[in-house]
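# Summary of the model geometry
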Amino acid sequence: MIEMFDERITAAGRLPLFGFFVAFLVTFVLTRVNVRLIRADVRWWFRNVTAGDLHIHHVVFGVVLMLAGGVGSLAVPDAYTGLNVAAAVVFGMGSALVLDEFALILHLSDVYWTEKGRASVDAVFVAIAVTGLLLLGIRPLGYEGIAPDPGTGILTRVYVASLVVNLVFAVITLLKGKIWTGLIGLFMPALLIVGAIRVARPGSPWARWRYAPDSRRHQRAVRRERQFRRPLIRGKIWVQEFIAGRHDLLPPELLQRGADAAERARLRRLERAERRAAARAQRKATTATTRRSAR
């Protein structure tokens, strides 16, 4: 095992990437354990970090760690392997904290424990899969063992053509709503061919542009979504909830926050209605005064 590690990781120059990968996984798991215990209101555990009434999300700490790790990796010379690994570890910790609240950044709202919050877990899974493939030495948008030769040889043209074709297939696959196939296919080009040929998912941009609602392709897409995709989604959600907790049970503070927001909106509507009624009454009084003066 040690010899394999030295051969596949250390000798291949992937030790910083390995440090990033391990730090990312550990930080994500510890973060989810922490937030689930906070959500369960365990007495002996930590509480949310606050500054007065301001709740400081852990994405803030993640951004700081990413900045420190990224700048550190750029500032440290390549010869200092240990410092490069340390910078990669810090960057991995920050990346896990940021992606764990990816949904908050995407929606600019506190949707951490809602259905929309599952986007954060999806982003983390994608990052783990891509980093794992890179750690195994699988290169994106190319073929293992093939590299462009210097100059304008035939191998260079074949390599560039393969990159262009893979990119086109990747774009088509993503437009068809097959996110995982498109991302993993960047490392395994055969998946891109399958994803680009097969029917698009209903609701995807490709389906909206090219599938009429009563067409056979649209009906086949809906049938495949119901038969194959939905069981996979249910399985993925089960894994997500096992690791990260349920995202359809709002904690009391979010429920209270939503109730307070609804009450504020109701009061604003009442104020606007009262102002409009007062303005109408004023206009009527002014009109009546003008008519009496004219008489």
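Notes on the structure in this doc start here. This structure is a prediction, so every number in the text was calculated from the model and none was measured.

Applying the stated criterion across every chain, the model contains 3 salt bridges. Linking Asp41 and Arg47 is a salt bridge whose minimum nitrogen-to-oxygen distance equals 3.4 Å. Among the residues examined, Arg47 registers a relative accessible area of 42% and is labelled partly exposed. Measuring nitrogen to oxygen at the nearest pair gives 2.7 Å for the salt bridge that ties Arg201 to Glu225. Linking Arg201 in the loop between helix 9 (189-197) and helix 10 (205-210) with Glu225 in helix 11 (residues 216-244), this pair joins segments that are 24 residues apart in sequence. A relative accessible area of 21% means that Arg201 is categorised as partly exposed. You can call Glu225 buried: its relative accessible area is 12%.

With that settled, consider the nonpolar core. Formed by Ile172, Ala196, Val199, Ala200, Trp206, Ala207, Tyr211 and Ala221, the largest nonpolar core amounts to 8 residues. If near-sequence neighbours (up to four positions away) are discounted, Val199 is found in contact with Lys178, Tyr211, Arg217, Arg220, Ala221 and Arg224. In this structure, Phe20, Phe24, Ala88 and Ala127 belong to the second largest nonpolar core, which totals 7 residues.

With that settled, consider unusual backbone geometry. Backbone geometry places Asp41, a non-glycine residue, at a positive phi of 55°. Relative to the assigned elements, Asp41 resides in the loop between helix 2 (15-39) and strand 1 (50-51). Unlike most non-glycine residues, Leu108 shows phi in positive territory, near 50°. By the secondary structure assignment, Leu108 is in the loop between helix 5 (102-107) and helix 6 (118-135). Classification of Leu108 as exposed rests on a relative accessible area of 76%.

What counts, and where the lines are drawn
Residues numbered from 1 in each chain as written. Predicted model: local features only at pLDDT ≥ 70, side-chain atom pairs only at ≥ 80, totals over all residues. Heavy atoms only, no water. Salt bridge = Lys/Arg side-chain N within 4 Å of Asp/Glu carboxyl O. Buried < 20%, exposed > 50% of the residue type's maximum accessible area, 1.4 Å probe, protein only. Helix = DSSP H or I, 4+ residues; strand = E, 2+ residues; numbered from the N terminus. Core = buried A, V, L, I, M, F, W, Y, C linked by side-chain atoms within 4.5 Å. Contact = heavy atoms within 4.5 Å.

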